[in-house]
Amino acid sequence: MDPNVAVDAPLENRPGVPMERSPAAPEPFAPREIPPQERRVEVLVEPEHDLTPVFGTAAPPHGISGAIRRAAYTFPDYRVRRWLLLLLADRLESQEARIARVMRSPVAWIGGGLVLAAGAASLFARRR
Amino acid sequence: MLAMTYQGKRKIRVESKPEPRIEHPGDVILDVTRAAICGSDLHLFHALVPDTRLGSTFGHEFTGVVAEVGSAVETLRKGDRVVVPFNIACGACFFCERGLFASCENSNPCSTLVGGCFGYSHTTGGYDGGQAERVRVPYADVGPMKIPDDMSDEDVLFLSDILPTGYQAAEMGEIKPGETVVVFGAGPVGLFTAKSAWLLGAERVIVVDCIDYRLEWARKFAGAETVDFRAVPKKDIVGFLRKMTDGRGADVCIDAVGCEARGSKLHSALGLGLMLESGAPTAIAWAIDSVRRGGNVVLIGVYGPPFNLIPIGTAMNKGLTLRMGQANVKRYMPHLLEHIRAGRIDAKALITHRFPLEEIPDAYRLFDDKKDGVVKCVVIPPGASARAS
Ligand SMILES: NC(=O)c1ccc[n+]([C@@H]2O[C@H](COP(=O)([O-])OP(=O)(O)OC[C@H]3O[C@@H](n4cnc5c(N)ncnc54)[C@H](O)[C@@H]3O)[C@@H](O)[C@H]2O)c1
Ligand SMILES: [Zn+2]
Ligand SMILES: [Zn+2]
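Only a predicted model underlies this, so the values are computations on that prediction, with no experimental measurement involved.

In this section: the overall build of chain B. In terms of regular secondary structure, chain B is built from 12 helices and 17 strands. The globule rule puts the C-alpha radius of gyration for 389 residues at 21 Å, and the 20 Å found for chain B is close to it. Counting only C-alpha atoms and orienting by the principal axes, one finds that chain B spans roughly 60 × 45 × 45 Å. Long-range pairs, those at least 24 residues apart, make up 72% of the contacts in chain B with a sequence separation of at least 6. Of the roughly 13100 Å² that chain B leaves accessible, carbon and sulfur atoms contribute 51%. Positive and negative side-chain charges in chain B, numbering 44 and 46 respectively, have mean positions lying 5 Å apart.

Here it is in structure tokens:
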């Protein structure tokens, strides 16, 4: 058995007891007034709430998935449809990326060109 | 800089990405020295968390060296070594004043569920995480803890999340002397939960999982009794646990598994296959069913919105207390640092694998597959100081 059994058995040794620190007090070096972060990218915000003074700037919404995310954020987070729309947007964004990848690849263009050329050639051949 | 980026379900890549910059006067930028992969990252990897966008960088467990300092930062200087809690917290709002740092109101504009977290989808604020060469750390006077000179980055890395999380799980169980605690899940979080249960005075600690080598870790590292839920007669894990605990059930049951739980065909089909619930709440159901009447059930395993099918009527009739939450990491750091220093918890021992950042896709696959005896994977960015280990 562990030799340190019960060192934190006394409640006063437990950092999270009681659950809510009392009396409530700010952290020693916490900013008292928080200036707002400059908004350089599109940030979707919980409806009826202000943008928080600090926020993440990763992966702003884009494309069709982005439009669905914007729609999702018109519903508060206690509505199921918010989350279903976001899950849909997540799936769609993967498909968008797949299509974009295919469009970027020279193999796809050459392959597509060959298919078209073959189709045209066979049409032409049949006519004759 | 190099960073891990998400490319869709089960797809990640290492890419070159623009360097993060100071976005707010309270920010610092860190050169990451160590970043761990967490069971929580697997929920993102499996596309179970809504609003996980392509191109975002995961990683909420990291240490680093301060490289740039925002104009309002008072306590940190360039060159300081720090370990950073996964919660992004302002330190002074309604919730932070009460010590509920996971619930900070000033760090997540995207939902009212939870405060900001590093690298954990837009549902927690849309921040890029630390599985990268560099990372932006907001509210730098509040979260980061300086690493003592006599300790390495790896010694304290797990103060960023899993050690406080495991400890808080056990603490929320309100363990009293003589009590029996069942921990579901022998991953890194479950192991620290079991270890903490002893410190809090449990008389018996039983860990449930289905992976042999992890159950061995539970016996050796955490000194717990173990049960392989796949090996119990008639697959009746609840009946088996009740028999082990005087027929009444354990005093405290803790879910350290989360939404990818195995063991129930129904929940796997509904939650992981059809997505009709937010992942599989199998461990929640087992915890509620195998705790004694009037007992405490703790959920530290992560579930996403909107809902799961759990036996709440059973919980109601049994008169259970349910406690749960994202860990309020900051609150536990100094206390658990002392436990590490005193040798009561060898946190670093859980690191079984180290990968260069460039190979992080392999690390995710290994950790996801639970292969090669993996407990915890740590990635090391190129140029991170050797001193960190
Ligand atoms: N609340 C928080 O603040 C917080 C912080 C960190 C991690 N977590 C969560 O804790 C959970 C565990 O994290 P981890 O890093 O240890 O993950 P992990 O994936 O390494 O471990 C999970 C373990 O659970 C086992 N398991 C699967 N189904 C089970 C079942 N039905 N019963 C018992 N065991 C089962 C798996 O075999 C595995 O060993 C995750 O959900 C993670 O998101 C929460
Ligand atoms: Zn984590
Ligand atoms: Zn706050």
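Time to look at the interface of chain A and chain B. Interfaces are frequently sized by the accessible area removed from exposure as the parts join. At the junction of the two partners, chain A supplies 61 residues and chain B supplies 65 residues. Summed over both sides, the interface of chain A with chain B buries roughly 5300 Å², with 57% coming from carbon and sulfur. One can count four salt bridges joining chain A with chain B. For B:Lys330, the salt bridge identified is with A:Glu27, shortest N-O distance 3.9 Å. Linking chain A with chain B are 39 residue pairs in polar contact (both at pLDDT 80 or more), by the criterion used here. A breakdown of the residues in the side of chain A that touches chain B according to their chemical character gives 35 nonpolar, nine polar and 17 charged.

Residue and element names in this part refer to chain B. As enumerated under the stated definition, the model contains 10 aromatic pairs over all chains in all. Between Phe-45 and Tyr-364, the aromatic rings sit 5.3 Å apart at their centres with planes inclined by 40°, giving tilted as the arrangement. Here Phe-45, found in helix H1 (residues 39-45), pairs with Tyr-364, found in helix H12 (residues 360-369); they are 319 residues apart in sequence, far enough to count as distant. Take Phe-45 and Tyr-364: they sit in the same class, and that class is buried.

Let us look at the coordination of the zinc ion (ligand 3). Residue and element names in this part refer to chain B. Taken together, Cys-90 (SG), Cys-93 (SG), Cys-96 (SG) and Cys-104 (SG) make up the full set of protein donors to the zinc ion (ligand 3), lying 2.3 to 2.4 Å away. In this structure, the zinc ion (ligand 3) is surrounded by four donor atoms whose angles at the metal cover 104 to 117°, and the resulting shape is tetrahedral. Considered as a linear motif, the donors of the zinc ion (ligand 3) on their single chain read C-x2-C-x2-C-x7-C. No difference in accessibility class separates Cys-93 from Cys-96, as the two residues are buried.

Let's shift gears to the site of ligand 1. Residue and element names in this part refer to chain B. Around ligand 1 lies a shell of 30 residues, among which Ser-40, His-43, Asp-209, Arg-214 and Arg-262 are the nearest. At a separation of 3.0 Å, a nitrogen atom of ligand 1 approaches a polar backbone atom of Ile-300. Here an oxygen atom of ligand 1 sits 3.1 Å away from a polar atom, N or O, in the main chain of Val-302. Coverage of ligand 1 by the protein chains reaches 97% of its 860 Å² of free accessible surface. Those elements that provide at least two residues to the shell around ligand 1 are H1, helix H5 (188-199) and strand S11 (204-209).

Our next topic: unusual backbone geometry. Residue A:Ser22 is joined to A:Pro23 through a cis peptide bond whose omega torsion reads 0°. Residue placement: A:Pro23 occurs in the segment before helix H1 (63-72). A cis amide bond, omega 5°, links B:Pro305 with the succeeding residue B:Pro306. Backbone geometry at B:Glu174 places phi at a positive 50°, although glycine is not the residue there. Considering the arrangement of structural elements, one finds B:Glu174 in the loop between helix H4 (162-172) and strand S10 (180-184).

With that settled, consider H4(B). All names here are of chain B. The buried fraction of H4 amounts to 11 of the 11 residues, a majority that puts the element mostly inside the structure. Residues of H4 that are buried include every one of Ile-162, Leu-163, Pro-164, Thr-165, Gly-166, Tyr-167, Gln-168, Ala-169, Ala-170, Glu-171 and Met-172, and no others. Structurally, H4 contributes buried residues whose contacts are with H5, strand S13 (250-255), strand S14 (291-299), strand S15 (321-324), helix H11 (329-341) and strand S17 (376-380). Trailing H4 by a residue or two, Glu-174 shows a phi angle of about 50°, which is positive.

With that settled, the discussion passes to the coordination of the zinc ion (ligand 2). Residues and elements named next belong to chain B. The zinc ion (ligand 2) binds to the protein through Cys-38 (SG), His-60 (NE2), Glu-61 (OE) and Asp-161 (OD), with metal-donor distances spanning 1.9 to 2.3 Å. With four donor atoms in place around the zinc ion (ligand 2) and angles of 89 to 136° between them, the coordination shape is irregular. Ordering the donors of the zinc ion (ligand 2) by residue number gives the pattern C-x21-H-E-x99-D. Of this pair, His-60 sits in the loop between H1 and strand S4 (62-69) while Asp-161 sits in the loop between helix H3 (153-156) and H4, and the two are 101 residues apart along the sequence. The class for Asp-161 is buried, based on a relative accessible area of 5%.

Looking now at the environment of B:Gly295. Residue and element names in this part refer to chain B. Tracing the chain through its elements places Gly-295 in strand S14. Considered as a pair, Gly-295 and Asp-251 are 44 residues apart in the sequence and their alpha carbons are 5.0 Å apart. In this view, Gly-295 contacts Asp-251, Leu-320 and Thr-321; residues no more than four positions away in its chain are not counted.

Let us look at the pairing of S17(B). Residues and elements named next belong to chain B. Extensive coverage of S17 is indicated by the burial of four of its five residues. Alignment of strand S3 (residues 28-37) against S17, held across three bridges, turns out to be antiparallel. Considered in S17, the bridge of Ala-35 is made with Val-379. On the question of chirality, the crossover connecting strand S16 (residues 351-356) to the parallel S17 by way of H12 is right-handed.

So, how was this worked out
Residue positions within a chain follow its written sequence, with the count starting from 1. Going through the entries in the order they are written, you letter the chains from A and number the ligands from 1. In view of the model being predicted, local features appear only for residues whose pLDDT reaches at least 70, and side-chain atom pairs are presented and counted only at 80 or more, with totals across whole chains, interfaces and linings using the full set of residues. Heavy atoms from the whole structure form the basis of all side-chain values; hydrogens and water molecules are not counted. Put simply, DSSP marks the helices as runs of H or I at least four residues long and the strands as runs of E at least two long, and each gets a number from the N terminus on. When we talk radius of gyration, it's over C-alpha atoms, and the globule rule is simply 2.2 Å times the number of residues to the 0.38. Contacts are residue-level and defined by heavy atoms, with any inter-residue pair within 4.5 Å sufficient. Using a 1.4 Å probe, accessible areas were evaluated by the Shrake-Rupley method; residue-level cover was limited to the displayed protein chains. Positive charge is attributed to Lys and Arg, negative charge to Asp and Glu, and no charge count is given to His or to the chain ends. Working definition for charges: the position is that of NZ of Lys, CZ of Arg, CG of Asp or CD of Glu. By buried area we mean the combined loss of accessible area, with a 1.4 Å probe, across both parts when two parts are placed together. When a carboxyl oxygen of Asp or Glu lies within 4 Å of a side-chain nitrogen of Lys or Arg, that pair is called a salt bridge. N or O atoms closer than or at 3.5 Å make up a polar contact, with two conditions inside protein: a donor-capable atom paired with an acceptor-capable one, and, for residues adjacent in sequence, both atoms drawn from side chains. Side-chain classes are defined by residue name, with Ala, Val, Leu, Ile, Met, Phe, Trp, Tyr, Cys and Pro counting as nonpolar, Asp, Glu, Lys and Arg as charged, and the others, Gly among them, as polar. Under the pairing criterion, centres of Phe, Tyr and Trp rings, with the six-membered ring standing for Trp, must be within 6.5 Å; the plane angle then separates stacked pairs below 30 degrees from edge-to-face pairs above 60, leaving the rest tilted. The rule is simple: take the accessible area with a 1.4 Å probe, protein chains only, and divide by the maximum for that residue type; under 20% is buried, over 50% is exposed, in between is partly exposed. Here a donor is an N, O or S atom found within 2.8 Å of the metal, or within 3.2 Å if the metal is Na, K or Ca; sites may look incomplete because water is not among the atoms. Between 85 and 135 degrees for all angles marks four donors as tetrahedral; over 155 degrees for opposite donors together with 65 to 115 for all other angles marks four donors as square planar and six as octahedral; every other arrangement is irregular. A single heavy atom is enough: if one lies within 4 Å of a molecule or strand, its residue is considered near that molecule or strand. The pairing criterion is simple: DSSP has to find at least two bridges between the two strands. Looking down the strands as they point away from the viewer, one classifies a crossover as right-handed if the path from the first strand across the helix to the second runs clockwise.

That's the geometry; what it means functionally is another story.
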